[in-house]
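Observations on the model geometry
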Amino acid sequence: MDNKEINLLGEEPLAFSACESDAGERLDKYVTESIEEGTVSRTQVQEWIKNGAVLVNGQAVKANYKLAVADQVTVIIPEPEEAVIEAQAIPLDVVYEDSDVIVINKPRGMVVHPAVGHYSGTIVNALMYHCKDLSGINGVMRPGIVHRIDKDTSGLLMAAKNDLAHASLAAQLKEHSVTRKYLALVHGNMPHEHGTVDAPIGRDPRERKLFTVIHKGSKHAVTHFQVVERFGDYTLLELKLETGRTHQIRVHMKYIEHPLAGDPLYGRNKTIGLKGQALHAAVLGFVHPRSGEYMEFEAPVPPDMEHELMILRQR
């Protein structure tokens, strides 16, 4: 397929540069692992390669192509025009709902929206069954979704039921006027009671699946923190997002050498028994898109995270 015939998802093509550890790896395996975990299958990537949507140094190659150091890989993700996202009767913890917005308390382990090759079991599938009417601004894959939180992060998430609400909430996020506070258990005894991490975030050039504090090709990122409770070798923090970059809290906490407990990507090997990072979106506040009233919601720490905190308190 000619590259000009490929419809994009409205985003820039993905670009990766092979490093020494990638040398000799098959192209299809490399691309599958380079895209956000769990969002695309190797079979789907092989189809992209076959159709010319994956280029190495600007040239189409076969799926079994073996990478060399410094190879430049470009991935043009085709739009899933025929993808059908089904409504599924998945229980939702609804914190607030009206004709414009819905606020839910997302459980740990649940993906927010479908992606190529992964179309079921997500918050969107559940919302489509529950609401019947979601904003179409983000298209078939992410109806109603204004922002997202990571799969293994629990807590509050808002979705829009119509385009007016979506535009308003998205504008508030862009203006950094939405209140987003998280509770996080981090390694170590935080030396300061409060502070701000102002450090740009971009893809890690050495580990393509990760993000890191970096100046080249990065985006401005700011996280404010306040100590809530100390456990000696761990600290419970309240973190307030000023910006909302991918993995922002996880990257910033690693950057200041206090990584999240249980974080499989940015944390330490010896940690608590939680399945996933100890991070909970506890407070969400925004101006209602129709009434203009400021609304704020809170969600308690989930039982699994509370259990780990109790263990630390009882030591």
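Here is a short report on the structure shown in this document. (Residues numbered from 1 in each chain as written. Predicted model: local features only at pLDDT ≥ 70, side-chain atom pairs only at ≥ 80, totals over all residues. Heavy atoms only, no water.)

**Quick look at the sheet that holds strand E4 (residues 72–75)**
Condition: Two strands qualify as a pair provided DSSP detects at least 2 bridges between them. Secondary structure elements are taken from DSSP: a helix is a run of H or I of four residues or more, a strand is a run of E of two residues or more, and numbering for both begins at the N terminus. A contact between two residues is defined here by any heavy atoms of the two lying within 4.5 Å. Axes, fitted as lines to C-alpha atoms, cover a helix only where it is in contact. Angles between the N-to-C directions of the axes lie from 0 to 180 degrees.
Reading across from one edge, E1-E4-E2-E3 is the order of the 4 strands in this open sheet, with antiparallel pairing throughout. Either end of the sheet is taken by a strand with one partner, and the two such strands are strand E1 (14–17) and strand E3 (59–60). As paired elements, E1 and E4 share 4 bridges and run antiparallel to each other. By the bridge assignment for E4, Phe16 is matched with Val73. Along the sheet face, helix H1 (residues 27–34) touches E1, strand E2 (54–56) and E4 and points at about 65° away from the line of E4.

**Describing empty space enclosed by the protein**
The condition is simple: Definitions used throughout: a 1 Å grid over protein atoms alone; a cavity as a set of points that fits a 1.4 Å probe which cannot get out; a pocket as an open set with protein on both sides within 12 Å along at least five of seven lines; a lining residue as one with an atom within 4 Å of a point. Grid points are joined across faces, edges and corners, and a volume is the space filled by probe spheres set on the points. The residue classification treats Ala, Val, Leu, Ile, Met, Phe, Trp, Tyr, Cys and Pro as nonpolar and Asp, Glu, Lys and Arg as charged. All others, Gly included, are polar.
Under the criterion given, the structure shown has 2 cavities of 30 Å³ or more. Here the second largest cavity defines a volume of roughly 30 Å³. Looking at the second largest cavity, the residues that line it are His147, Leu156, Arg180, Lys181, Tyr182, Ala281, Val283 and Leu284. For the lining of the second largest cavity, the secondary-structure elements that each account for two or more residues are strand E8 (179–187) and strand E14 (279–287). For the lining of the second largest cavity, the residue count by class is 5 nonpolar, 1 polar and 2 charged.

**What about H1?**
To keep things clear, this is the line we draw: A simple rule labels every residue: compare its accessible area, found with a 1.4 Å probe on the protein chains alone, to the largest value its type can have, and call it buried under 20%, exposed over 50%, or partly exposed in between.
Most of H1 is tucked away, with 6 of its 8 residues classed as buried. Within H1 the residues assigned to the buried category are Leu27, Asp28, Tyr30, Val31, Thr32 and Ser34. Those residues of H1 hidden inside the fold are in contact with E1, helix H2 (42–50), E2, E4 and strand E10 (201–203).

**As for the nonpolar core**
For the record, the criterion: Residue types Ala, Val, Leu, Ile, Met, Phe, Trp, Tyr and Cys, when buried and joined through side-chain atoms within 4.5 Å, form a set referred to as a nonpolar core.
Ranked by size, the top nonpolar core spans 32 residues in total, and within it Leu127, Tyr182, Leu237, Leu239, Ile249, Met253 and Leu260 carry the most contacts. At the level of elements, strand E6 (101–106), helix H3 (123–131), strand E7 (154–160), E8, strand E12 (222–230), strand E13 (234–241), helix H5 (248–255) and E14 are the ones that each hand at least two residues to this core. No other element matches H3, which puts 5 residues into this core. If we skip the residues at most four places from it in the chain, Leu237 touches Tyr182, Leu183, Ala184, Val186, Met190, Phe225, Gln226, Val227, Val228 and Met253. Core analysis: the second largest hydrophobic core is formed by 18 residues, Ala18, Leu27, Val45 and Ala63 among them.

**As for the packing of aromatic side chains**
The relation between two aromatic rings is expressed through the spacing of the ring centres and the mutual angle of the planes. Operational definition: The aromatic pairing rule takes the rings of Phe, Tyr and Trp, using the six-membered ring of Trp, and pairs them if the centres are within 6.5 Å, calling planes under 30 degrees apart stacked, those over 60 edge-to-face and the rest tilted.
Applying the stated rule across the entire model yields 3 aromatic pairs. Considering the side-chain rings of Phe16 and Tyr30, the 6.3 Å spacing of their centres and the 90° angle between planes classify their relative orientation as edge-to-face. With a gap of 14 residues between them, Phe16 in strand E1 and Tyr30 in helix H1 connect regions that are remote in the sequence. On the basis of relative accessibility, which here comes to 5%, the residue Phe16 falls in the buried class. Given the relative accessible area of 0%, Tyr30 is considered buried. Here the aromatic cluster, defined as three or more aromatic residues joined through ring pairs, consists of Tyr96, Phe286 and Phe297.

**Some details on H5**
H5 sits mainly inside the fold: 6 of its 8 residues count as buried. The set of residues buried in H5 consists of Gln248, Ile249, Arg250, Val251, His252 and Met253. Once H5 finishes, Glu257 follows within two positions and takes phi at roughly 65°, a positive value.

**Details of the pattern of salt bridges**
Worth spelling out the cut-off: The salt bridge definition used is simple: a Lys or Arg side-chain nitrogen within 4 Å of an Asp or Glu carboxyl oxygen.
Following the criterion strictly, the structure yields 14 salt bridges and no others. Residues Asp150 and Arg250 are paired through a salt bridge, measuring 3.0 Å at the closest nitrogen-oxygen approach. Remark: Arg250 occurs in helix H5 and Asp150 occurs in the loop between H3 and E7; sequence separation between them is 100 residues. We classify Asp150 as buried; its relative accessible area is 13%. Measuring nitrogen to oxygen at the nearest pair gives 2.6 Å for the salt bridge that ties Arg315 to Asp233. A residue pair is termed long-range when its members are at least 10 positions apart, and Arg315 in the segment after helix H6 (303–313) and Asp233 in the loop between E12 and E13 qualify at 82 residues. Because the salt bridges share partners, they merge into one network encompassing Arg148, Asp150, Arg250 and Asp263.

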